[in-house]
Amino acid sequence: GDSVTQMEGPVTLSEEAFLTINCTYTATGYPSLFWYVQYPGEGLQLLLKATKADDKGSNKGFEATYRKETTSFHLEKGSVQVSDSAVYFCALSGGGADGLTFGKGTHLIIQP
Amino acid sequence: DTEVTQTPKHLVMGMTNKKSLKCEQHMGHRAMYWYKQKAKKPPELMFVYSYEKLSINESVPSRFSPECPNSSLLNLHLHALQPEDSALYLCASSSRVGSGGQETQYFGPGTRLLVL
(Lines give C-alpha, C1' and ligand atoms only; values in the text may rest on other atoms or scores of the structure.)
Protein backbone atom coordinates (compact mmCIF):
# COMPACT_ATOMS: atom_id res chain seq x y z
CA GLY A 1 0.00 0.00 0.00
CA ASP A 2 0.86 3.67 -0.14
CA SER A 3 3.10 5.14 2.55
CA VAL A 4 4.81 8.42 3.47
CA THR A 5 7.98 8.75 5.54
CA GLN A 6 9.09 12.04 7.09
CA MET A 7 11.46 13.10 9.83
CA GLU A 8 9.50 13.33 13.09
CA GLY A 9 11.53 15.79 15.11
CA PRO A 10 11.10 17.89 17.03
CA VAL A 11 13.20 20.05 14.76
CA THR A 12 14.49 23.15 16.55
CA LEU A 13 15.91 26.07 14.58
CA SER A 14 16.80 29.68 15.22
CA GLU A 15 14.85 32.44 13.53
CA GLU A 16 16.07 33.20 9.97
CA ALA A 17 17.63 29.72 9.60
CA PHE A 18 17.16 27.60 6.48
CA LEU A 19 14.60 24.83 6.81
CA THR A 20 14.42 21.43 5.15
CA ILE A 21 11.93 18.75 6.17
CA ASN A 22 12.46 15.53 4.27
CA CYS A 23 9.56 13.52 2.87
CA THR A 24 9.72 10.35 0.79
CA TYR A 25 6.84 8.24 -0.42
CA THR A 26 5.87 4.86 -1.79
CA ALA A 27 2.86 4.68 -4.07
CA THR A 28 1.50 2.87 -7.07
CA GLY A 29 0.57 5.01 -10.02
CA TYR A 30 0.99 8.76 -10.02
CA PRO A 31 -0.05 10.30 -6.71
CA SER A 32 -0.59 13.95 -5.90
CA LEU A 33 1.60 15.23 -3.06
CA PHE A 34 0.74 17.72 -0.32
CA TRP A 35 2.17 19.54 2.66
CA TYR A 36 -0.27 20.48 5.42
CA VAL A 37 0.50 22.59 8.49
CA GLN A 38 -1.22 22.33 11.85
CA TYR A 39 -0.84 25.14 14.38
CA PRO A 40 -1.50 24.35 18.06
CA GLY A 41 -5.18 23.74 18.75
CA GLU A 42 -6.20 24.09 15.11
CA GLY A 43 -7.13 21.96 12.11
CA LEU A 44 -4.93 21.23 9.10
CA GLN A 45 -4.22 23.96 6.57
CA LEU A 46 -3.09 23.14 3.05
CA LEU A 47 0.35 24.69 2.66
CA LEU A 48 1.23 23.60 -0.89
CA LYS A 49 0.73 20.81 -3.37
CA ALA A 50 2.07 19.23 -6.58
CA THR A 51 0.11 16.97 -8.86
CA LYS A 52 2.75 15.64 -11.26
CA ALA A 53 6.47 15.00 -11.53
CA ASP A 54 8.74 18.07 -11.54
CA ASP A 55 5.92 20.33 -10.36
CA LYS A 56 6.98 22.83 -7.69
CA GLY A 57 4.46 23.87 -5.10
CA SER A 58 5.03 27.13 -3.24
CA ASN A 59 3.26 29.26 -0.65
CA LYS A 60 4.25 31.75 2.08
CA GLY A 61 7.96 31.29 1.29
CA PHE A 62 7.76 27.48 1.48
CA GLU A 63 8.60 25.33 -1.54
CA ALA A 64 8.60 21.64 -2.44
CA THR A 65 9.36 19.89 -5.73
CA TYR A 66 7.78 16.59 -6.79
CA ARG A 67 10.77 14.33 -7.57
CA LYS A 68 9.60 11.08 -9.13
CA GLU A 69 13.11 9.69 -9.59
CA THR A 70 13.83 9.92 -5.86
CA THR A 71 10.17 9.59 -4.74
CA SER A 72 10.60 12.70 -2.61
CA PHE A 73 8.78 15.94 -1.81
CA HIS A 74 11.05 17.80 0.60
CA LEU A 75 9.77 21.02 2.17
CA GLU A 76 12.13 24.03 2.21
CA LYS A 77 12.07 27.62 3.39
CA GLY A 78 14.93 30.05 3.15
CA SER A 79 14.37 32.00 6.37
CA VAL A 80 12.01 30.72 9.07
CA GLN A 81 10.12 32.85 11.56
CA VAL A 82 8.83 32.12 15.05
CA SER A 83 5.32 32.08 13.59
CA ASP A 84 6.29 29.02 11.48
CA SER A 85 6.37 26.88 14.63
CA ALA A 86 3.81 24.13 14.01
CA VAL A 87 3.46 20.49 12.99
CA TYR A 88 3.99 19.80 9.29
CA PHE A 89 2.44 16.77 7.57
CA CYS A 90 3.51 15.38 4.22
CA ALA A 91 0.68 13.50 2.50
CA LEU A 92 -0.22 11.82 -0.74
CA SER A 93 -3.39 11.02 -2.58
CA GLY A 94 -3.46 8.08 -4.91
CA GLY A 95 -6.52 9.34 -6.75
CA GLY A 96 -8.85 6.75 -5.31
CA ALA A 97 -11.71 7.24 -2.91
CA ASP A 98 -9.56 6.44 0.06
CA GLY A 99 -8.54 9.78 1.47
CA LEU A 100 -5.03 10.97 2.17
CA THR A 101 -2.03 8.94 3.33
CA PHE A 102 -0.12 11.00 5.89
CA GLY A 103 3.40 10.90 7.23
CA LYS A 104 3.74 10.95 11.02
CA GLY A 105 4.25 14.71 11.13
CA THR A 106 7.27 16.89 11.95
CA HIS A 107 7.09 19.20 14.94
CA LEU A 108 8.99 22.39 14.09
CA ILE A 109 10.08 24.80 16.81
CA ILE A 110 11.57 28.16 15.86
CA GLN A 111 13.40 30.02 18.61
CA PRO A 112 13.84 33.82 18.54
CA ASP B 1 -12.95 30.67 -0.46
CA THR B 2 -11.73 27.35 0.88
CA GLU B 3 -13.55 27.34 4.20
CA VAL B 4 -14.90 24.29 5.95
CA THR B 5 -16.73 25.01 9.22
CA GLN B 6 -17.29 22.61 12.10
CA THR B 7 -19.46 22.85 15.20
CA PRO B 8 -19.09 22.61 18.09
CA LYS B 9 -15.47 23.55 18.65
CA HIS B 10 -15.33 21.61 21.92
CA LEU B 11 -17.57 18.84 23.26
CA VAL B 12 -17.60 16.97 26.55
CA MET B 13 -19.90 13.98 26.81
CA GLY B 14 -20.56 11.03 29.05
CA MET B 15 -20.49 7.46 27.85
CA THR B 16 -24.30 7.25 27.79
CA ASN B 17 -24.87 10.51 25.90
CA LYS B 18 -25.89 11.02 22.28
CA LYS B 19 -24.37 13.97 20.47
CA SER B 20 -23.69 15.09 16.90
CA LEU B 21 -20.81 16.84 15.18
CA LYS B 22 -21.60 19.06 12.22
CA CYS B 23 -19.56 20.07 9.20
CA GLU B 24 -20.46 22.48 6.41
CA GLN B 25 -18.82 23.65 3.19
CA HIS B 26 -20.04 25.98 0.45
CA MET B 27 -17.36 25.35 -2.15
CA GLY B 28 -19.54 23.07 -4.27
CA HIS B 29 -17.39 20.10 -3.29
CA ARG B 30 -18.93 16.67 -3.84
CA ALA B 31 -16.64 14.64 -1.59
CA MET B 32 -16.56 14.96 2.20
CA TYR B 33 -14.51 13.13 4.80
CA TRP B 34 -14.33 12.46 8.54
CA TYR B 35 -10.95 11.95 10.19
CA LYS B 36 -9.98 11.21 13.79
CA GLN B 37 -6.74 12.64 15.16
CA LYS B 38 -5.16 11.62 18.46
CA ALA B 39 -2.53 13.82 20.09
CA LYS B 40 0.83 13.86 18.31
CA LYS B 41 -0.47 11.57 15.55
CA PRO B 42 -1.54 12.14 11.95
CA PRO B 43 -5.26 12.11 11.09
CA GLU B 44 -6.84 8.70 10.48
CA LEU B 45 -9.56 8.36 7.86
CA MET B 46 -12.96 7.26 9.17
CA PHE B 47 -15.52 7.84 6.40
CA VAL B 48 -15.71 9.15 2.83
CA TYR B 49 -18.85 10.46 1.17
CA SER B 50 -18.92 10.92 -2.58
CA TYR B 51 -21.98 12.60 -4.12
CA GLU B 52 -23.80 12.20 -0.79
CA LYS B 53 -23.28 8.44 -0.75
CA LEU B 54 -21.04 6.64 1.72
CA SER B 55 -18.16 5.20 -0.29
CA ILE B 56 -15.61 4.34 2.40
CA ASN B 57 -16.06 3.14 5.98
CA GLU B 58 -12.69 2.32 7.47
CA SER B 59 -14.01 -0.32 9.85
CA VAL B 60 -15.22 2.32 12.27
CA PRO B 61 -17.25 1.07 15.29
CA SER B 62 -21.02 1.47 14.96
CA ARG B 63 -21.09 3.95 17.85
CA PHE B 64 -20.01 6.44 15.16
CA SER B 65 -22.75 7.02 12.58
CA PRO B 66 -22.17 9.40 9.66
CA GLU B 67 -24.88 11.20 7.73
CA CYS B 68 -24.77 13.40 4.64
CA PRO B 69 -28.14 15.19 4.38
CA ASN B 70 -27.08 17.22 1.34
CA SER B 71 -24.01 18.14 -0.66
CA SER B 72 -22.99 20.90 1.77
CA LEU B 73 -23.49 19.17 5.11
CA LEU B 74 -21.90 16.24 6.88
CA ASN B 75 -22.83 15.02 10.34
CA LEU B 76 -21.26 12.52 12.69
CA HIS B 77 -23.65 11.07 15.25
CA LEU B 78 -22.08 9.79 18.45
CA HIS B 79 -23.60 7.30 20.86
CA ALA B 80 -22.21 5.25 23.75
CA LEU B 81 -18.66 6.41 23.19
CA GLN B 82 -15.67 5.21 25.18
CA PRO B 83 -12.97 7.37 26.83
CA GLU B 84 -10.49 6.18 24.17
CA ASP B 85 -12.66 7.93 21.56
CA SER B 86 -11.50 11.28 22.95
CA ALA B 87 -9.71 13.01 20.07
CA LEU B 88 -9.86 15.85 17.55
CA TYR B 89 -12.42 15.07 14.85
CA LEU B 90 -11.67 16.71 11.54
CA CYS B 91 -13.94 17.19 8.57
CA ALA B 92 -12.55 17.76 5.08
CA SER B 93 -13.95 18.28 1.60
CA SER B 94 -12.63 18.06 -1.94
CA SER B 95 -13.96 18.86 -5.38
CA ARG B 96 -14.41 15.15 -5.93
CA VAL B 97 -12.54 11.96 -5.35
CA GLY B 98 -10.16 11.51 -8.25
CA SER B 99 -6.75 12.70 -9.37
CA GLY B 100 -4.90 15.61 -10.91
CA GLY B 101 -5.53 17.89 -7.96
CA GLN B 102 -9.29 17.42 -7.79
CA GLU B 103 -8.80 15.40 -4.68
CA THR B 104 -7.13 18.28 -2.82
CA GLN B 105 -8.72 18.20 0.60
CA TYR B 106 -9.54 21.27 2.66
CA PHE B 107 -9.93 20.75 6.38
CA GLY B 108 -12.10 22.37 8.99
CA PRO B 109 -10.80 23.49 12.40
CA GLY B 110 -12.02 20.32 14.08
CA THR B 111 -14.12 19.42 17.11
CA ARG B 112 -12.15 18.51 20.20
CA LEU B 113 -14.09 15.72 21.91
CA LEU B 114 -13.63 14.54 25.48
CA VAL B 115 -15.49 11.43 26.62
CA LEU B 116 -15.78 11.00 30.38
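I will try to describe carefully the structure that is included in this document. The residue numbering used here restarts from 1 in each chain and proceeds along that chain's sequence as written. As a convention, the first chain written is A and the first ligand written is 1, with the rest following in written order. Confidence filtering applies because this is a predicted model: local features only for residues at pLDDT of at least 70, side-chain atom pairs given and counted only at 80 or more, and all residues used for totals across whole chains, interfaces and linings. Side-chain figures throughout are based on the complete set of non-hydrogen atoms in the structure, without hydrogens or water.

### Section: the state of the cysteines
By disulfide we mean two sulfur atoms from cysteines, separated by a distance within 2.5 Å. Applying the stated criterion across every chain yields a total of two disulfides over all chains. Residue Cys 23 of chain A pairs covalently with Cys 90 of chain A via a disulfide, S to S 1.9 Å. As the torsion about the S-S bond is roughly -70°, the Cys 23 of chain A-Cys 90 of chain A disulfide counts as left-handed. Of this pair, Cys 23 of chain A sits in strand S4 (residues 23–26) while Cys 90 of chain A sits in strand S10 (residues 86–93), placing them 67 residues apart in sequence. Residue pairing for Cys 23 of chain B: its cysteine sulfur links by disulfide to Cys 91 of chain B, the two sulfurs lying 1.9 Å apart. Between Cys 23 of chain B and Cys 91 of chain B, the disulfide has an S-S torsion of -70° and is therefore left-handed. Residue Cys 23 of chain B is found in strand S3 (residues 18–25), and its partner Cys 91 of chain B is found in strand S9 (residues 87–94); the two are separated by 68 residues along the sequence. Exposure class is identical for Cys 23 of chain B and Cys 91 of chain B. Each is buried. Segments assigned H or I by DSSP are reported as helices when at least four residues long, segments assigned E as strands when at least two residues long, and all are numbered from the N terminus. Summary of the burial criterion: residues with accessible area below 20% of their type's maximum are buried, those above 50% are exposed, and those between are partly exposed, where the area comes from a 1.4 Å probe applied to protein chains only.

### What about the pairing of strand S4 (residues 31–37) of chain B?
Residues and elements named next belong to chain B. Across the seven residues of S4, seven count as buried, placing the element largely inside the fold. With burial as the criterion, each face of S4 is covered, one bearing Ala 31, Tyr 33, Tyr 35 and Gln 37 and the other bearing Met 32, Trp 34 and Lys 36. Sheet topology places S4 next to strand S5 (residues 44–50); six bridges connect them, and they run antiparallel. Looking at S5, one finds that Ala 31 is bridged to Ser 50. At least two bridges found by DSSP between two strands is the condition for calling them paired. Once S4 ends, the chain turns through six residues before running back antiparallel as S5, passing Lys 40 with a positive phi of about 65°. For S4 and S9, the ladder comprises seven bridges, and the chain directions are antiparallel. The partner of Ala 31 across the bridge, within S9, is Ser 94.

### Considerations on the environment of Leu 81 of chain B
Residues and elements named next belong to chain B. Positionally, Leu 81 belongs in the loop between strand S8 (73–79) and S9. A relative accessible area of 0% means that Leu 81 is categorised as buried. Contact criterion: two residues are considered in contact whenever any of their non-hydrogen atoms come within 4.5 Å of each other. Those residues within four positions of Leu 81 in sequence are excluded, and the remaining contacts are Met 13, Met 15, Arg 63, Phe 64, Leu 113 and Val 115.

### Points about the nonpolar core
Side-chain atoms within 4.5 Å are what join buried Ala, Val, Leu, Ile, Met, Phe, Trp, Tyr and Cys residues into a set we call a nonpolar core. One finds Trp 35, Leu 47, Leu 48, Phe 62, Phe 73, Leu 75 and Tyr 88 of chain A to be the most contacted residues of the largest nonpolar core, which totals 24 residues. Looking at this core, the elements that each hand over two or more residues are strand S3 (19–21), S4, strand S5 (32–38), strand S6 (44–50), strand S8 (62–65), S10 and strand S12 (106–111) of chain A. For this core, the leading source of residues is S10 of chain A, giving four residues. The contacts of Phe 73 of chain A, once residues within four sequence positions are left out, are Cys 23, Leu 33, Phe 34, Trp 35, Leu 48, Lys 49, Ala 50, Ala 64, Thr 65, Tyr 66 and Cys 90 of chain A. Counting residues in each nonpolar core, the second largest holds 23 residues, with Leu 11, Trp 34, Phe 47 and Phe 64 of chain B among its members.

### Overview of the interface of chain A and chain B
Contacts between the two partners involve 22 residues from chain A, matched on the other side by 25 residues from chain B. Note on chain A versus chain B: buried area summed over both sides is about 1600 Å², and carbon and sulfur give 58% of it. Every case where a carboxyl oxygen of Asp or Glu lies within 4 Å of a side-chain nitrogen of Lys or Arg is listed as a salt bridge. On the surface where chain A and chain B come into contact, there are zero salt bridges. Nitrogen and oxygen atoms within 3.5 Å of one another constitute a polar contact, given that in protein one can donate a hydrogen and the other can accept it, and given that sequence-neighbouring residues count only through two side-chain atoms. Summed over the shared surface of chain A and chain B, the result is six residue pairs in polar contact (both at pLDDT 80 or more). Where the side of chain A that touches chain B is concerned, the elements lending two or more residues are S5, S6 and S10 of chain A. The element that contributes the greatest number of residues to the side of chain A that touches chain B is S5 of chain A, accounting for four residues. Nonpolar residues are Ala, Val, Leu, Ile, Met, Phe, Trp, Tyr, Cys and Pro. Charged residues are Asp, Glu, Lys and Arg, and all others, Gly as well, are polar. Tallied by class, the residues present in the side of chain A that touches chain B amount to eight nonpolar, ten polar and four charged. Buried area: the accessible area, evaluated with a 1.4 Å probe, that two parts lose upon being put together, summed over both parts.

### Here's the deal with the environment of Gly 14 of chain B
Residues and elements named next belong to chain B. One can find Gly 14 in the loop between strand S2 (10–13) and S3. On the basis of relative accessible area, Gly 14 is assigned to the partly exposed category, the value being 21%. Spatially, the C-alpha atoms of Gly 14 and Tyr 89 are 17 Å apart, while their sequence positions differ by 75 residues.

### A look at the pairing of S8 of chain A
Residues and elements named next belong to chain A. Pairing of strand S7 (residues 56–59) with S8 involves four bridges; the strand directions are antiparallel. Residue pairing in the sheet places Gly 57 in a bridge with Ala 64 of S8. Bridge count between S8 and strand S9 (residues 75–77): three bridges; the pairing is antiparallel. Across the sheet, Phe 62 pairs through a bridge with Lys 77, a residue of S9.

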